[in-house]
Amino acid sequence: MSGLTHHKMENSDMVIYFSSFFISVLLLFMAEKKYFSNKFLTIIALIIPILLAGLRKEGIGTDTEVYANVLYQAAKEANDFFDYLGKNVYSSFQNKPVSNWEIGYNLLVYVSVKLTGSFQGILFFTHFFIIFLIYKGLKDFKGYFWTFWAILIFYFMFYGSSLNIMRQWLAIAIIFYGTHYLQQNKDERFIAMVLIAMLFHNSAFIGMIIWLVYKYLQAGDVKKKLLINGKVIDNDIIKILMILLTGIIALLGLSVIANFLGSINSVFARYVRLYISGTVHLMPMQVLRRLPLLLLMVINWRRLRVTSPSVPFLYCMTILDLIASQLGGITAQSSRIGYYFSIYEIILLAELTYVQKGKKRILYYILIAIYSIAVFYYDNILMGRAEIVPYLFYFN
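Given the structure is predicted, the values throughout are model-derived calculations rather than measurements. (Residues numbered from 1 in each chain as written. Predicted model: local features only at pLDDT ≥ 70, side-chain atom pairs only at ≥ 80, totals over all residues. Heavy atoms only, no water.)

Caption draft 1: Focus on the overall build of the chain. The secondary structure content of the chain amounts to 20 helices and four strands. In summary, the chain has a C-alpha radius of gyration of 21 Å against a globular reference of 21 Å for 396 residues, a match within 12%. Across its three principal directions, the C-alpha atoms of the chain cover 70 × 55 × 45 Å. The 396 residues of the chain split such that 51% are buried. (Helix = DSSP H or I, 4+ residues; strand = E, 2+ residues; numbered from the N terminus. Rg over C-alpha atoms; globule rule 2.2 N^0.38 Å. Buried < 20%, exposed > 50% of the residue type's maximum accessible area, 1.4 Å probe, protein only.)

So this is what it looks like as structure tokens:
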């Protein structure tokens, strides 16, 4: 393929994705500003990215071929759900029982196929739940931001990967939606969300780390100040730094943690084998790509802290995302753990914009838009992660 042809394909892919994103967000903006019927515009806005996902061809997103299509074939041929679970499929160069995949995702696949009779039905319903739960999670989260802006950031930073690791994004969306239960001190409901998420992807146990971090930040007097070398330090800053230190120690002692967890039982041993069995190597590019956000966090700490009580939690999620990104030297699956933390950056970036005033707010809109688009371009166009370009409709 010539360089000119490849460049044209890249541009057309950008147009398909970007036009869908901007039309969706424009409708959400109009709904939030109550220009027209709020519910009608919101439904149309959310249907756009769902249809974009549902109408794509097999292969747009690596895992559509790795497991989604083979499970579709098994579900199509099955007489009932238990017959489906008992079938074997060929995936990743080996025969595997359908029951190897999580029961929640298997149920979604089976019901989608029986309702629609098509592979596109699986893709449509998968993203129906992902997009709806992300949107609902944003609406229910107690913070200071515009939902339309947070959704646009999600589209640029995470929509591409959601077309690939669909099971994990279902799990992430469920936990993200459940975050408002933490804010309401309904711990049992959040834990229930984690358990439901684990029915779609086993990595969702990471939700318990999110719960522990939130409870740690809540513990003690949140207004307490510490005096260090004559300077008053906000107790929340100390707690955030403790999370950072704990994460670094966990990375350095990963082999010890892996051996300990692996010795507990077969379930933990499987998690160790999948996610943390190996040697951690410094990945400077993962630090560099997060540097603009980290700088904005440092600059705006005081302004954000006064406005939003959720800021310490959002900062901790970004730090844990940075820590998890260093697991990429083990396997690609290891680094994906970070998505459970980085999803909260769409709220943080939206709040960073909201707290600005006048021309400075416009500047932040521009800077964060450039940053988000750069992430999309680097991940999906330049690096080709998730294999979502070139975009093809299923009827092409």
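Caption draft 2: Local environment of the packing of aromatic side chains. What the rule picks out here adds up to 43 aromatic pairs. Measuring from centroid to centroid gives 5.6 Å for Trp 169 and Tyr 339, while their planes differ by 50°, and the two rings are tilted. Here Trp 169, found in helix H8 (residues 166-183), pairs with Tyr 339, found in helix H18 (residues 339-342); they are 170 residues apart in sequence, far enough to count as distant. Taking the relative accessible area as the measure of exposure, Trp 169 reaches 0% and is therefore buried. The aromatic ring of Trp 146 is capped on one face by Lys 33, whose charged end is 3.7 Å from the ring centroid. Over the aromatic face of Tyr 354 sits the side chain of Arg 361, whose NZ or CZ is 5.4 Å from the ring centroid. (Phe/Tyr/Trp six-rings, centres within 6.5 Å; stacked < 30°, edge-to-face > 60°. Lys NZ or Arg CZ within 6 Å of the ring centre and 35° of its normal.)

Caption draft 3: Main features of the packing of helix H3 (residues 63-77) against helix H6 (residues 119-140). Their axes nearest at 9 Å, the elements H3 and H6 cross at an angle of 115°. As for how H3 packs across H6, the hand of that crossing is right-handed. Contact with H3, carried on its side by Thr 64, Ala 68, Asn 69 and Tyr 72, involves Phe 119, Ile 122 and Leu 123 of H6 and no other residues of that element. A breakdown of the residues in the contact of H3 with H6 according to their chemical character gives five nonpolar, two polar and no charged. (Axes fitted to C-alpha atoms, helices over the stretch in contact; angles between N-to-C directions. Left-handed = near helix turned anticlockwise from the far one by under 90°. Contact = heavy atoms within 4.5 Å. Nonpolar A, V, L, I, M, F, W, Y, C, P; charged D, E, K, R; others polar.)

Caption draft 4: Structural detail: a nonpolar patch on the surface. Among the surface-exposed residues, Met 285, Leu 288, Leu 291, Leu 295 and Ile 299 lie close enough to one another that they form a single nonpolar patch of about 470 Å² accessible area. Position of Leu 288 among the secondary structure elements: in helix H14 (residues 284-299). (Patch = residues over 30% accessible without salt bridge, like charges linked within 9 Å, V, L, I, M, F, W, Y side chains within 5 Å. Areas by Shrake-Rupley, 256 points an atom, 1.4 Å probe, with all protein chains shown as cover. Salt bridge = Lys/Arg side-chain N within 4 Å of Asp/Glu carboxyl O.)

Caption draft 5: Quick peek at the packing of H8 against helix H9 (residues 187-197). Two elements in contact, H8 and H9, have axes whose closest approach is 8 Å; the angle formed by their N-to-C orientations is 180°. One finds that H8 runs roughly antiparallel with respect to H9. Facing Ala 171, Ile 174, Ile 175, Tyr 177, Gly 178, Thr 179, Tyr 181 and Leu 182 of H8, the residues of H9 in contact are Asp 187, Arg 189, Phe 190, Met 193, Val 194, Ile 196 and Ala 197. (Parallel < 35°, antiparallel > 145°, perpendicular 65-115°, else oblique.)

Caption draft 6: Representation of the pairing of strand E2 (residues 94-97). Where strand E1 (residues 88-91) meets E2, four bridges bridge the pair, whose relative direction is antiparallel. Note on E2: the bridge partner recorded for Val 89 is Lys 96. Between the end of E1 and the start of E2, which pair antiparallel, lie two residues, with Ser 92 showing a positive phi angle near 50°. (Pairing = 2+ DSSP bridges.)

Caption draft 7: Inspection of the pattern of salt bridges at higher detail. The tally for this structure, following the rule as stated, stands at seven salt bridges. As a salt-bridge pair, Lys 215 and Asp 187 come within 3.1 Å of each other at their nearest N and O atoms. Pair noted here: Lys 215 is in helix H10 (residues 207-218) and Asp 187 is in helix H9, with a separation of 28 residues, a long-range link. Overall, Lys 215 belongs to the partly exposed group, its relative accessible area being 25%.

Caption draft 8: Structural context of unusual backbone geometry. Of the consecutive residues Val 389 and Pro 390, the connecting peptide bond is found in the cis state with omega at 0°. Mapped onto the fold, Pro 390 is located in the segment after helix H20 (358-382). At Ser 92, a position not held by glycine, the phi torsion is positive, near 50°. By relative accessible area, Ser 92 is classed as partly exposed at 40%. Positive phi, close to 75°, is recorded for Ala 386, a residue that is not glycine. Looking at the element boundaries, Ala 386 is found in the segment after H20. On the basis of relative accessibility, which here comes to 11%, the residue Ala 386 falls in the buried class.

Caption draft 9: Representation of the side chain of Asp 63. With respect to the helices, strands and loops of the structure, Asp 63 is situated in helix H3. The side chain of Asp 63 is buried and forms no salt bridge, while Arg 336, the nearest opposite charge, is found at 4.7 Å. Setting aside chain neighbours within four positions, we find Asp 63 in contact with Ala 68, Asn 164, Ile 165 and Met 166. (Lys, Arg positive; Asp, Glu negative; His and termini not counted.)

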